[in-house]
Amino acid sequence: MPENDLLAKIEKARLVGRGGASFPVHLKWQRIKSLENPKKYVVCNASEGEPSVKKDWHILDNFTAEVFKGMVLTMSFLETKEAYLNINKDYYRKLKAKIDSLVAICQKKGYLINIFEEEPSYIGGETGALLNAIEGKKTEPRASSPSPSIAGIFGNPTLVHNVETFYDVARVAAGTFKPTRFSTLLGVKNSGVYEVANTQKVAEILRETNNYPDFAFFVQVGGGASGEVMTAEQAKERELIGCGSIEVFSLKTKPQEFLSKLFSFYAKESCGKCTPCRDGSWQLKKIITELEQNSVIPWNKISPIIQAMDKSSFCDLGRSIVLPFRSYAKNILGIEV
Amino acid sequence: MSKMVTIYIDEQAYQAEEGKSVLQIALENKIDIPHLCYHEDLPIEANCRLCLVENEGKTTTSCTLKASEGMKINTQNEELVKIRHENLSLLLASHQKNCPKCQQNLPCPTFALMQKYGVTSEEYDRKMLDLAIHKMGSAAEFDPNLCVKCGRCVNVCADIGINFLKIEGSGSDAHLAYNENPKVDCIYCGQCTAHCPVNAIREQSHLEQVEAVLADQDKIVIAQMAPSVRASIGEEFGLEPGLNLEKKMFTALRQLGFDKIFDVNMGADITTMVESQELAKRLKKKFAKEETVLPMFTSCCPGWVKFLEFYYPEMISHLTTARSPHVHSGAAYKTWWVEKIGIDPSKIVVVSIMPCTSKKYEAEMEKLKFEFKGLRLKPVDYVLTTRETAALLKKNQIDLSKLTDSEADREGEYSGAAAIYGASGGVMESALRSTALMLTGQELPKIDLEEVRGMKGIKRAIIKIGDHEVKVAVVATARNARNILEEIKRGEANYDYIEFMACPGGCIGGGGQPLTSTHAIIKKRIAGLYDIDQNKTLRRAHENPVVQEFFKYLATKPSLAQEILYTNYSAKKKFE
C-alpha cells in the first residue's frame, strides 16, 4: 500500500493516541516523517502500570501478529529499521515463544525489533522514563521539552505509541478497522477485557457486557488509580476516556478504604525524583493508614499535599492524583476539597 | 553573545539573554526565589520543586523556564507561596532533629532557609530509612536520612570524574548511596560537601575537638590558615568573593583564643623549596641524559594523590616526595619553633584552616608522624574547613566585616609565591620561580607566568629556563587528570612537570569552601590571590627569611629533615 494512502486512512479513521492526551496519530507520524534526521526509532509501549488494568496484555496475547504488523508498517512509513517493544517483563515471560518468532520474521525482512523488558511499574510506562530506561539510565521522567518526537532515544526522533495504536494501524491497513477500543472492567461479575465502541457510555458498557451492578455503586473510569470517579447517574452520560478501564465500587466503600487504595498506589509507584510526588505520596499514605477506623478524614492535612502534587510534580504521574481525589470527594462524598 | 530580551518579573522589566533560565536571571538580579537542587554549574534536575513561578497562568519551575521576549513572570502569588511552603515542609521533614549542625546551634544553611520561609521541619515526620552514616575516609560523610535527593553531590562527583555517589531506590526509598564497584573510590575532594544544600553530605567535623583545646589552658594552640581561605571566607559574611581578609582573620583567630597565629603560606614556601630542589635534580639528570622519572607530579593535593594511588598506582614514582604545605609548616612549628622558644612540644596543638576536606584525611596519616624529643608527633592535629571556621566565628558572634586588622606572628611570614598556591597553576608557578634559580643560578626574567594561570581544566606551556625548555601542564579535576595520565601512558606527551589538583580552579575551589562556590565566584577568588602576590615585596619562596631560618636549623639535623620534609606513596585499596 502506498504510504500516503495509509496515512490518509489513519486520518480518516481518526486514530488517536492512547496515552490520555488523545493526540491524533497522523499528526505525530507527519511530524516525525518531516524531520531529516538519519536515525529514527519506533517504540511500542506495552507496560500498563495502573492496578489490575490488563488491556495491553489482552491485545498482545490475542493480536500479537497484528501488533507486529502495525510496528513494521510504522517503521516503513518513517523509513527506519529499528524499533523497541517496551514490555512488562511478566507479559514477555508468558508470550516469549510467540513474540520471539515474530521478532525473527521481522528481522528477516530487515526490521530490528528490540525487546525491552520492563520491571512492572507505572513509571516504566511513562514516556520519558521508558526512553531513559532503554538508554540504560535511571527509570525516571524527562523534562517535557524537547518532545520524544524531536529528541527521543539518544536524541533521535522517536515515535512512541501504545500497543493498542499499533493494533489499530494494522486494522486500518487491512481494512478491518472499527472505531472500538479495549477496556478492562473491574469490580464486576464478569471482570475482564472487553472491546467496546469508542462512543459508548460507561453505564451502557456495563449493561451490554452483563456487568451492571445490582447494588448501589460508583465507578472509577479511565485508570485503575488515576481515573475519574463518578456516580452511577453520571456514568450514564459519560464516555470512556483516558486509559481503558472501568472499576465498580459499592457505595458502602468507606472513604478511608478508597483513599487508602488511591494513596498507596501513588506511594508505591512514585519514582522518587521529585519532592511532591515522592514525599507527598508517602505522607498521604501515612496519614490515611495511621487514621483510626471510622474517624473523620483529615481533609485539611491531605489537601495541601494534593495541591502540591497537582501543581508542582515533575511528571504526569504525580499530577494525576488530583482527578480521582477531587472527583471522589465531590461526586461521592459531596465535598469540595 | 545571544540575543537580549526583556522579561518582566513581578512587573519589573529586566534585560536578559534569550534562553537563559528565569531562575538564573532572578538570582543575578537579587530576586529571591527559593531553590535547593539548582546549581549554576551543574545539570538541571528540577526535582526540588521549590523555584516555582507563574507564567501565562501556569505554575512552573523557573530553573527550566527559558527567557523569551515579553515573558511575564509572577514569583509571589498566594498559591505559589503555599505550594513552595508545602514542598519545603515535605523536603525538610525532621531536618532539625537529625542535623548535627542544628543540634549544636551552629549556623546551618537549611535552618536559614527554614526561618526565611516559615518552615519548622516538624510539619511532617520523615520516613527514616535503616541506613547508617557513611564515612568517606576521615574526610567527609553522608547521612542518607538528612538528604533531599537533589542530586547536586552526584552530579558534581561525576563532573570531577569520579562517580562515587548515586541516588538509589525508588519512591520514598530513594536515597543517597555509593558506588559499590571495587574499581571506583572516593578521593575525598569534598566537592559533594561544598554542593550539599542541607548538610547531609559534609566534612567530618573537628569543631568540638578544636573548641576543647582552645579551652584547655595547658595547650598552646597554633592556627595556620591556607592561602585560599583568606580570599573566600568573607562570602560567609556577605562580603565580596576574592576580598583578602587575612588581617581580619588574624584578629578573629586571636579572639577565638588561638595562642599563635602562623600561616600555611609559610609552609607553602617550604614545600616550594623542597619540591623545586627535587625538580631541579630530576631535570639536571634529564639534561645530562641520565636515567630519571619525568614528568614529576605535584603532591600537595591529597585528593589527587589518593586518585593516583588508587587509579594509577603504577605511576606513583612520578610524585614529588615533598610533603604538603600545612604538613611542612605544622612540623616546622612543632620542632624548629618549639626549640627556638623553648617550650614542651607535647603542649603544642596545630590547627590548620583549609579550603579542603581531603586535608582532614591527610592529617590522620600514620606515615606523616615524626619522632621529636622522644615523642611521636602528628604535624597537624586538627583541620577546620573554611565553612567550619566561619561557623565557629558565627557561634562566637565574631563578625569578620567589623574587625580591625592585625598581623600574623613573625613565623607566619610568607612570599607571594605561597599566596598563589591556592589557585590552579600556582604551585607550578611558585616552583618554577625557585627551580630556575636552582638550575641556572639566575632568576626567571619574567616572574609572572600567565600561561599557567586561570580556570581551564588543562593548561599546557613551555617555560624557558636558561637554555632549556621545560614542558609543563597544569591539571584540575580527576576527569582531566585521567586524560593527561592516559596521554602519558600512550607515550604521546613528554612533559617535565605537571601540577594536579582534584578541585576545579585548584584549592580555591576546594571542597571545604563556602557553599557559595561557583565557577564564576572561584574566578573572583583567584583574582584575589594573584593580587596578594602582586603586592608582596617578597615574591619567591627562597627569599622568605623565615624559611631560610628553618632550613638553617634543619641543616644540622639530616634525619629530622628527612622525616619532616619528605614522604612516600603506596597503592591504595577501596576505602583505604
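Just so we're clear, the structure is a prediction, and the values are computed from it rather than from any experiment.

Reading guide: rules and limits
Residues numbered from 1 in each chain as written. Chains lettered and ligands numbered in written order. Predicted model: local features only at pLDDT ≥ 70, side-chain atom pairs only at ≥ 80, totals over all residues. Contact = placed C-beta atoms within 7 Å. Nonpolar A, V, L, I, M, F, W, Y, C, P; charged D, E, K, R; others polar. Helix = DSSP H or I, 4+ residues; strand = E, 2+ residues; numbered from the N terminus. Buried ≥ 20, exposed ≤ 12 C-beta atoms within 10 Å, placed from the backbone. Arc of directions from axis to C-beta. Pairing = 2+ DSSP bridges. Axes fitted to C-alpha atoms, helices over the stretch in contact; angles between N-to-C directions. pLDDT = per-residue confidence, 0-100. Domains from an automatic or database assignment. Parallel < 35°, antiparallel > 145°, perpendicular 65-115°, else oblique. Expected span 1.5 Å × (residues − 1).

*Asks:* Would you mind showing me how to read the interface of chain B and chain A here?
*Replies:* Many analyses report the size of an interface as the accessible area lost when the parts associate. Each partner contributes residues to the interface: chain B has 22 residues there, and chain A has 22 residues. A class-by-class count of the residues in the side of chain B that touches chain A yields nine nonpolar, eight polar and five charged.

*Asks:* Hey, could you run me through the environment of A:E118 in this one?
*Replies:* Residues and elements named next belong to chain A. Relative to the elements of secondary structure, E118 occurs in strand 3 (residues 112–118). When the C-alpha atoms of E118 and M71 are compared, they prove to be 19 Å apart, with 47 residues separating the residues in sequence. What E118 contacts, discounting residues up to four positions off in sequence, is S47, N86, I87, N88, K89, G124, L130 and A133.

*Asks:* Can you walk me through helix 2 (residues 25–34) of chain A in this structure?
*Replies:* Think of an α-helix as 3.6 residues a turn; residues three or four steps apart then line up on the same face. Three or more residues of helix 2 of chain A are buried, namely A:V25, A:K28, A:W29 and A:I32. Projected down its long axis, helix 2 of chain A carries its buried residues within an arc of 100°, all on one side.

*Asks:* Explain the sheet that holds strand 12 (residues 260–263) of chain B here, please?
*Replies:* The strands making up a sheet are joined through hydrogen bonds of the backbone, oriented either antiparallel or parallel. Residue and element names in this part refer to chain B. Spatially, the four strands line up as an open sheet ordered 12-11-14-17, and their pairing is parallel. Whereas interior strands pair on both sides, the edge strands pair on one side only; in this sheet they are strand 12 and strand 17 (382–385). Neighbour-to-neighbour, the strand axes of the sheet open up by a mean angle of 25°, direction not taken into account. Strand direction decides the pairing type here: strand 11 (residues 220–225) and strand 12, joined by four bridges, are parallel. Within the sheet, the bridge partner assigned to M225 lies in strand 12 and is D263. Where helix 8 (residues 207–215) meets the sheet, it contacts strand 11, strand 14 (348–354) and strand 17, and its direction lies at approximately 120° from that of strand 17.

*Asks:* In this structure, what is going on with the confidence of the model for chain B? I would like to understand it.
*Replies:* Low-pLDDT stretches of the model should not have their predicted coordinates read in fine detail. This prediction gives chain B a mean pLDDT of 97; 100% of its residues lie at or above 70. ipTM for the predicted complex: 0.93, alongside a pTM of 0.93.

*Asks:* Any chance you could explain the sheet that holds strand 1 (residues 4–9) of chain B here in plain terms?
*Replies:* Residues and elements named next belong to chain B. Strand order in this open sheet of five strands is 2-1-5-3-4, and the pairing throughout is mixed. The open sheet has two edge strands, strand 2 (12–17) and strand 4 (58–61), and neither has a second partner. Recorded for the sheet is a direction-independent mean angle of 40° between the axes of neighbouring strands. In this structure, strand 3 (residues 52–55) lies alongside strand 4, joined through four bridges in antiparallel fashion. When the bridges of strand 4 are listed, E54 appears paired with T59. This element, helix 2 (residues 78–91), spans strand 3 and strand 4 of the sheet and lies at about 155° to strand 3.

*Asks:* Mind showing me how you'd approach the environment of B:H328 here?
*Replies:* All names here are of chain B. Considering the arrangement of structural elements, one finds H328 in helix 12 (residues 325–341). Residue class for H328 comes out buried when judged on the 27 C-beta atoms lying within 10 Å of it. In sequence terms H328 and V274 are 54 residues apart; their C-alpha atoms lie 9.8 Å from each other.

*Asks:* Is there a simple way to think about the domain arrangement of chain A in this case?
*Replies:* Domain boundaries in chain A define domain 1 (3–174), domain 2 (180–250) and domain 3 (257–333). Broken down by class, the residue content of the side of domain 1 of chain A that touches domain 3 of chain A amounts to five nonpolar, four polar and two charged.

*Asks:* How should I be thinking about the packing of helix 12 (residues 299–312) of chain A against helix 2 of chain B in this particular structure?
*Replies:* The description of two packed helices rests on the angle between their axes and on the distance between the axes. At a minimum axis distance of 9 Å, the contact between helix 12 of chain A and helix 2 of chain B shows a crossing angle of 105°. By the angle between their axes, helix 12 of chain A is roughly perpendicular relative to helix 2 of chain B. Facing A:P304, A:I305, A:Q307, A:A308, A:K311 and A:S312 of helix 12 of chain A, the residues of helix 2 of chain B in contact are B:I83, B:E86 and B:N87. Residues that form the contact of helix 12 of chain A with helix 2 of chain B fall into these classes: four nonpolar, three polar and two charged.

*Asks:* Looking at this structure, I do not really get the domain arrangement of chain B. What am I missing?
*Replies:* The domain architecture assigned to chain B consists of domain 1 (4–91), domain 2 (95–201), domain 3 (207–266 + 324–411) and domain 4 (275–322 + 416–545). For domain 1 of chain B and domain 4 of chain B, the distance between their C-alpha centres works out to 41 Å.

*Asks:* What is the right way to look at helix 16 (residues 426–440) of chain B in this model?
*Replies:* All names here are of chain B. With 15 residues, helix 16 extends 21 Å from end C-alpha to end C-alpha; this agrees with the ideal 21 Å at 1.5 Å per step. The element helix 16 is largely enclosed, with a buried count of twelve among its 15 residues. The elements touched by buried residues of helix 16 are helix 10 (264–287), helix 15 (416–419), strand 18 (458–465), strand 19 (468–476) and strand 20 (497–501).

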